[in-house]
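Architecture and fold: a report
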Amino acid sequence: MKRNPRELETTHRKLSRRTLLVGGIQAAFVGGLAMRMRYMQVDQADQFRLLAEENRINIRLIPPKRGEIFDRNGKIIGQNIPSYRVVIVREDAGDVEKVIENLTRLIPLNDEELARARTEMRRSAPFLPVTLADRITWEDISKVAVNAPALPGITPEVGLTRVYPQSDDFAHVVGYVGPVSDYDLSQITDPEPVLRIPRFQIGKVGLEAKREDLLRGKAGAKRVEVNATGRVMRELDRREGQQGADLQLTVDAELQEYVQARLGDESAAAVIVDCETGDLRAIASAPSFDPNLFVRGISLADYRGLTENTYRPLANKTVQGTYPPGSTFKMITALAALEAGVTGPDDTVYCPGYLEVGSRRFHCWRRGGHGHVDLLNSLKQSCDVYYYEMALKVGIDKISAMAQKFGLGVKHNIPMSAVARGLAPNRDWKSRVHGQDWLVGDTANASIGQGFMLASPMQLAVMTARIATGRSVSPRLVKSANGVEQPTGAGEVMDLNENNLRRLRRGMYAVSNERRGTAYGSRIIADAFRMAGKTGTSQVRNITAAERAAGVIRNKDLPWERRDHALFVGFAPFDNPKYAVSVVVEHGGGGSKAAAPIARDVMLQALYNGQPPLEAYPKKDRSRIKAQQERLQGGRRPKARPDGKDRA
């Protein structure tokens, strides 16, 4: 049937409008899509390029090289050495156990490390490397490299680790490093990402821990391209980190080695301070330990041997140990009385062997007493009654204030672990800590360095340096950091009567150089190096009235832990003080017999900057000293080699 022309025209017009509408919609869609594509590809190109880069490029940290540690003369005492290790990538190895078996035919593998590696492989991605052997020799790493085709998935690597060539000489000073532990991270607020690098080493104790901020350095970074599973495909670029600061200490390694050897098998400590600068020239605690054991991972047997040792080798007795200073404290009591004007240097006190204080009798070490003594003779013969009298006149508060003025009861700012404050007690302290009133008997005890009074060997050395110079000498351990000299501890002149200080020094000179002096047997003969000093013996047990009546038991007849501590402090040369020394021998008995000879020997070693001539010693001692010198020179302990092994 034929359509009407008018109907055809109407239908055509409808189709044209529909076509235009659909076409318009399509054109709008294509136009919008084009504009969106232009927006994404042109206007937002940088942003989307960055997002794509972040999806395929990772930033990985590069551990910084740790700063090294030197003695005052540039001798290395804490260094970094190459550490060779063997790692395995599980997915490249195929049969892991077969590869490990082949590897054991080439190099020795530790069963504990293998067990740890297997555990780590089970919980790690198959493409991540796991360490099978650490700190292996160059010979072993060479064997692995040569046999690489037969060891799929095995890769030899090299890194850096810490070693201490001086072994136990600096163990308590420098300390040691070790891998970051969960406990370490828990103690740090907002830890740096570098601390989460596996087996990254940080300072654990000693200078290594206290100056971690300087020694660690700043981590570098590298950009690596990874695939969808996170496997590294290639390295794109890297930015090297900043090496940690090198530290130069004030300690003389040769002198430190001698002092450590001279202390020998005693449970003891010795400190030598430079009177001019406050530099710690030697600071030795005995017995010591090998810090390299901790860096490598100490065995249970070795650790138990250290912790169960009665002489406590892990404790740093120089700064951590606090002891009743005994008679080495008498200079403080005397100076407090002189400065307060309650006595004069020529005033005398009668010593019958005791002093009655209320209903209690305070005894002098010499049972029959010393008779009439003045300041000089009270120091020379170490008369206790003289100081009981002085203390009762001046009072504990002024004695305590004087002690603090000379560095006792004060925490010195040196970068070592567990630096003790000690204790210079007064009335307020006892009321606050014990809730009790101060008693007159407490004052008598404190006057001779007993009772509550406590001091570390380092504090006693600082006290002696201040007596010798009249300046507020402070201890300094770090001489320079990255070549920048650190402030010295020379100190300012103290507000004290110089004449009173001269009287004290003269009394200390008599202790070491006059026949009835308690340290006369340990004097220095060389006129240019005469030493002034003071012996001390501090009780660690109560002596009952019954024991005094029957006769006080001699130290050698007591168990070791009940014997008195032996102490000595001194400075030399007397006319121009260069060094101050303190020695504490735990349970050593009398200071004149146990501590003074050590102090004399280490002082001479410092003054002569090496082995002193026999002429510096009393004639009667020279044959014994010669044998001792030969023994110490021939019997120094073996040191760690740069490769971390021991040498004879």
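Coordinates for the structure precede this section.
A brief structural summary. (Residues numbered from 1 in each chain as written. Predicted model: local features only at pLDDT ≥ 70, side-chain atom pairs only at ≥ 80, totals over all residues. Heavy atoms only, no water.)

Attention shifts here to the environment of Asp274. By the secondary structure assignment, Asp274 is in strand β11 (residues 268-274). Note on Asp274: relative accessible area 3%, which makes it buried. Considered as a pair, Asp274 and Ala465 are 191 residues apart in the sequence and their alpha carbons are 7.8 Å apart. Sequence-distant contacts of Asp274, that is, excluding residues within four places in its chain, are made with Asp279, Arg281, Val473, Lys578 and Tyr579. (Helix = DSSP H or I, 4+ residues; strand = E, 2+ residues; numbered from the N terminus. Buried < 20%, exposed > 50% of the residue type's maximum accessible area, 1.4 Å probe, protein only. Contact = heavy atoms within 4.5 Å.)

The subject of this paragraph is the nonpolar core. Side chains that are nonpolar tend, in soluble globular proteins, to be buried together. In this structure, Leu249, Val259, Ile272, Phe406 and Met463 are the most contacted members of the largest nonpolar core, which totals 127 residues. Looking at this core element by element, the count peaks at 8 residues for helix α24 (residues 596-607). Residues contacting Val259, with those up to four places away along its chain left out, are Ala270, Ile272, Ala282, Ala284 and Val602. One finds Leu103, Val130, Ile136 and Ile154 within the second-largest nonpolar core, a separate group that totals 21 residues. (Core = buried A, V, L, I, M, F, W, Y, C linked by side-chain atoms within 4.5 Å.)

Before going further, it helps to spend a moment on the sheet that holds β11. Across the sheet, which stays open at both edges, the 5 strands sit in the order β12-β11-β21-β20-β19 with antiparallel pairing between neighbours. The two strands at the open ends of the sheet, each matched to only one other strand, are β12 (280-286) and β19 (532-538). Recorded for the sheet is a direction-independent mean angle of 5 degrees between the axes of neighbouring strands. Two elements, β19 and strand β20 (residues 565-572), share 7 bridges in a ladder whose sense is antiparallel. Across the sheet, residue Gly536 finds its bridge partner in β20, namely Leu567. The strands touched by helix α11 (residues 253-263) within the sheet are β11 and β12, with β12 carrying the most contacts at an inclination of about 30 degrees. (Pairing = 2+ DSSP bridges. Axes fitted to C-alpha atoms, helices over the stretch in contact; angles between N-to-C directions.)

In this section: the packing of aromatic side chains. Counting across every chain of the model gives 13 aromatic pairs. Centroid distance Trp438 to Phe452: 6.1 Å. Interplanar angle 50 degrees. Geometry classified as tilted. Placement of Trp438 in the loop between α18 (427-434) and α19 (440-447) and of Phe452 in the loop between α19 and α20 (457-469) is noted, with a sequence separation of 14 residues between them. Aromatic pair Tyr509 and Phe574: ring centres 4.7 Å apart, planes at 50 degrees, arrangement tilted. Taken as a pair, Tyr509 in helix α21 (residues 498-513) and Phe574 in the loop between β20 and β21 (579-585) lie far apart in primary sequence, 65 residues in all. Overall, Phe574 belongs to the partly exposed group, its relative accessible area being 22%. Through a chain of ring-to-ring contacts, three or more aromatic side chains come together here, namely Tyr176, Phe289, Phe294 and Tyr303. Over the ring of Tyr354 we find Arg361; its NZ or CZ atom is 3.7 Å from the centre of that ring. The side chain of Arg523 reaches across the aromatic face of Tyr520, ending 3.9 Å from its centre. (Phe/Tyr/Trp six-rings, centres within 6.5 Å; stacked < 30°, edge-to-face > 60°. Lys NZ or Arg CZ within 6 Å of the ring centre and 35° of its normal.)

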